[in-house]
Amino acid sequence: MIISCSSLNSFYECPRSYLNKQLRLRTVEFDYFKYGKEGHKIVQEHISRKKLDDRLVDKLQYYFPIVEEKDYDERLKFEISFGEDKFIGFLDARNDEEKVFSDIKVSTTLWTLKKFLDLMQRKVYSLAYPGYSFIGISCKPDLSEVYSITIPYRHKDGENAREWILKGFRDIKTSDYEPIEKANCYRCVFRESCEKSKYE
């Protein structure tokens, strides 16, 4: 079995959503996906110094020679093996010389230090890149506000991620893929194609 961080998150939000993703059902493109992609591109071009943005010059002075330039950029892909199972993921940016990786969150509400600390995605990255520090970057879609934080490598984060992944493999393999009672169908990308959707 091969799973990713987004797939496992999807499974825990609603097992049916995970199944829908495997079945490749039709999805809805929310506006915030578009704004998020646009914001990601601008930030990534800036921190790679390929195209500096005046709005970010005084706010983001990090340098990442490797940034995502297309969906599922192979240069930023990682794999973690668990016996016959495999966990995969893709970073937003990486600097191997300085041993640091980054994740970018574009949102109308800026992320906080606590949200970055609790982010399982960050902990998974720590498992894939032991010894690397993390730089979380959060900005509003119009780049009017930016927040960034550096979190040093912590071994316990990787161990937490390992337990989460192993539990995920076990739970997926034994699941009946029924929606959870509190599933938020309105925010689900499969809300119009899912057989179990409560969206109207």
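What you are looking at is a predicted structure, and each value in this text was computed from that prediction instead of being measured.

The rules behind the values
Residues numbered from 1 in each chain as written. Predicted model: local features only at pLDDT ≥ 70, side-chain atom pairs only at ≥ 80, totals over all residues. Heavy atoms only, no water. Pairing = 2+ DSSP bridges. Helix = DSSP H or I, 4+ residues; strand = E, 2+ residues; numbered from the N terminus. Axes fitted to C-alpha atoms, helices over the stretch in contact; angles between N-to-C directions. Contact = heavy atoms within 4.5 Å.

Here three strands make up an open sheet; going across it, the order is β1-β4-β3 and the pairing mixed. For this open sheet the edge positions go to β1 (2–4) and β3 (77–82), each flanked by a neighbour on one side alone. Pairs of neighbouring strands in the sheet enclose a mean axial angle of 25 degrees, with direction left out of account. Sheet topology note: the β1/strand β4 (residues 85–90) ladder contains three bridges and is parallel. Across the sheet, residue S4 finds its bridge partner in β4, namely I88. Against the sheet, helix α5 (residues 120–128) makes contact with β3 and β4, and its axis sits at roughly 80 degrees relative to β3, the strand it touches most. Seen against the sheet, helix α6 (residues 155–173) touches β1, β3 and β4 and runs at an angle of roughly 120 degrees to β4.

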